[in-house]
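# Working through the structure, step by step
So the chains spell out like this:
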Amino acid sequence: MSDATHSAHSSLDQRDTETVLRTDNVTKRFGGLTAVDDVTIEVHKGEIVGLIGPNGAGKSTLFNCITGTLSADDGRIYLQDQDVTDWPEHKIARAGIGRMFQETRIFDEMSVRKNLLLAAQEGNANIGHLLRRPDNSLISRSEELLEYVDLGGLAETRAGQLSFGQQKLTEFIMELMAEPELLLMDEPAGGINPSMLENLIEYIRAANEDEQATIFLIEHNMDFVMEVADRIYVLAHGERIAEGTPDEIQNN
């Protein structure tokens, strides 16, 4: 991992101040365990924001509350100033939140290209649409994204035959096909060959800058998150204990 400074990162005052995601005092309990404890965070349009902390800190639970996979016990969640706290998961997804998981979620038996075209369908699950010829604009978009992550030569390959790193890249551009307002990435560097990590950083940065994708990511690889993120939140025992730029977090 390079020791590149963070000068390449856009500072917060250069970003659009529109708030894409806000959680106000979100709490989630499982029996006697408080997994997320009174957590408030904001993600602004055009940012890459990291979420770090030890295992069991509540990071994935917070993501699950944001996406509607879990219901928060207390607090509110806003997507572009709209209260989505009590919305079902599918409605939140259609409102503009995409999500990548630690383990890839792709259609193994389909070609890489068909995975992308399926991701672009409304509702993200209408396989019947693939029986008809896709819109030319979607085909062009898929080709552009495949080339963007150097998978153009594998477009017709069955997705299940790809390496794990290639599957993660496929899932990444599947989410970009859906053009989310906010993309949640759960450990994007996990399981990636070290030689691919620098490329992944560049892909994420380029998507952020060229497509104005707002990204909120969980990551355990500290070198990776310090290099790619504009701001970072730190959770421990379910509580938010720090927030700042990568340099500020490193010096905390």
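What you see is a predicted model, and the numbers here were worked out from it, not measured in a lab. (Residues numbered from 1 in each chain as written. Predicted model: local features only at pLDDT ≥ 70, side-chain atom pairs only at ≥ 80, totals over all residues. Heavy atoms only, no water.)

### Side note on unusual backbone geometry
Positive phi outside glycine occurs at Gln80, with the angle close to 50 degrees. In this structure, Gln80 sits in the loop between β4 (74-79) and β5 (82-83). For Asp150, which is not a glycine, the phi torsion comes out positive at approximately 60 degrees. Judged by its relative accessible area of 61%, Asp150 falls in the exposed class. (Helix = DSSP H or I, 4+ residues; strand = E, 2+ residues; numbered from the N terminus. Buried < 20%, exposed > 50% of the residue type's maximum accessible area, 1.4 Å probe, protein only.)

### Comments concerning the side chain of Arg99
In this structure, Arg99 sits in strand β6 (residues 97-100). In this structure the side chain of Arg99 is engaged in a polar contact, spanning 2.6 Å, whose partner is the side chain of Asn64. A polar contact of 3.5 Å, which involves the side chain of Arg99, links it to the side chain of Thr67. Not counting chain neighbours up to four residues away, the residues in contact with Arg99 comprise Ser60, Phe63, Asn64, Thr67, Thr69, Glu171, Glu175, Leu183, Leu184 and Asp186. (Polar contact = N/O pair within 3.5 Å; in protein donor to acceptor, adjacent residues only side chain to side chain. Contact = heavy atoms within 4.5 Å.)

### A short note on the pairing of strand β2 (residues 33-44)
As defined by bridge partners, strand β1 (residues 19-30) adjoins β2 across eight bridges and the pair is classed as antiparallel. The partner of Arg29 across the bridge, within β2, is Thr34. In this antiparallel pair of consecutive strands, β1 and β2, the connection spans two residues, and Gly31 shows a positive phi of 65 degrees. (Pairing = 2+ DSSP bridges.)

### Considering the environment of Glu198
Take Glu198: it is sitting in helix α6 (residues 194-210). A relative accessible area of 26% means that Glu198 is categorised as partly exposed. The spacing of Glu198 and Phe224 is 26 residues in sequence and 8.4 Å in space, taken between C-alpha atoms.

### Observations concerning the pattern of salt bridges
Using the criterion set out here, one finds 14 salt bridges in the structure. The partner of Glu109 in a salt bridge is Arg158, with the nearest N and O atoms 3.4 Å apart. Here Arg158 lies in the loop between α4 (136-148) and α5 (164-177) and Glu109 lies in the loop between β6 and α3 (112-119), a separation of 49 residues in the sequence. The exposed category is assigned to Glu109, whose relative accessible area is 66%. A residue is classified by how much of its surface remains accessible, and Arg158, at 31% relative accessible area, is partly exposed. Note that Glu243 and Arg231 form a salt bridge whose closest N and O atoms lie 2.8 Å from each other. (Salt bridge = Lys/Arg side-chain N within 4 Å of Asp/Glu carboxyl O.)

### Here we look at the packing of aromatic side chains
By convention here, two paired aromatic rings are described through the distance between centres and the angle between planes. One pass over the structure, following the stated rule, counts two aromatic pairs. Look at Phe63 and Phe216: their rings are 5.2 Å apart centre to centre, the planes differ by 50 degrees, and that puts the pair in the tilted class. Here the residue Phe63 occupies a position in helix α1 (residues 59-67), and Phe216 occupies one in strand β8 (residues 214-218), the gap between them amounting to 153 residues. What makes Phe216 buried here is its relative accessible area of 0%. Across from the ring centre of Tyr78, 4.2 Å away, lies the NZ or CZ of Arg22, which sits over that ring. Residue placement shows Lys91 over the ring face of Trp87; its charged tip is 4.2 Å from the ring centre. (Phe/Tyr/Trp six-rings, centres within 6.5 Å; stacked < 30°, edge-to-face > 60°. Lys NZ or Arg CZ within 6 Å of the ring centre and 35° of its normal.)

### Thoughts on the confidence of the model for the protein
The predicted model of the protein averages 87 in pLDDT, with 88% of residues at 70 or higher. Between residues 1-15, whose pLDDT stays under 50, and residues either more than four places distant or in other chains, the model counts 31 contacts. (pLDDT = per-residue confidence, 0-100.)

### Considering the environment of Leu118
Structurally, Leu118 can be placed in helix α3. With a relative accessible area of 0%, Leu118 lands in the buried category. Taking the C-alpha atoms as reference points, Leu118 and Met177, separated by 59 residues in sequence, lie 9.0 Å from one another.

### Points about the sheet that holds β5
In space, the four strands of this open sheet follow the order β2-β1-β4-β5, with antiparallel pairing throughout. Of all strands in the sheet, those bounded by a partner on one side alone are β2 and β5. Bridging between β1 and β4 involves five bridges; their strand directions are antiparallel. Bridge assignment links Arg22 to a residue of β4, and that residue is Tyr78. Strand contacts of α1: β1, β2 and β4, with the helix running at about 115 degrees to β1, the strand carrying the most contacts. (Axes fitted to C-alpha atoms, helices over the stretch in contact; angles between N-to-C directions.)

### Things to note about the packing of α5 against α6
Between α5 and α6, the least distance of the axes is 12 Å, while the angle of their chain directions is 0 degrees. It follows that α5 is roughly parallel to α6 by the angle criterion. Note on element contacts: α6 touches α5 through Met196, Leu200, Tyr203, Ile204 and Ala207, opposite Gly165, Leu169, Phe172 and Leu176. In terms of residue class, the contact of α5 with α6 is built from eight nonpolar, one polar and no charged. (Parallel < 35°, antiparallel > 145°, perpendicular 65-115°, else oblique. Nonpolar A, V, L, I, M, F, W, Y, C, P; charged D, E, K, R; others polar.)

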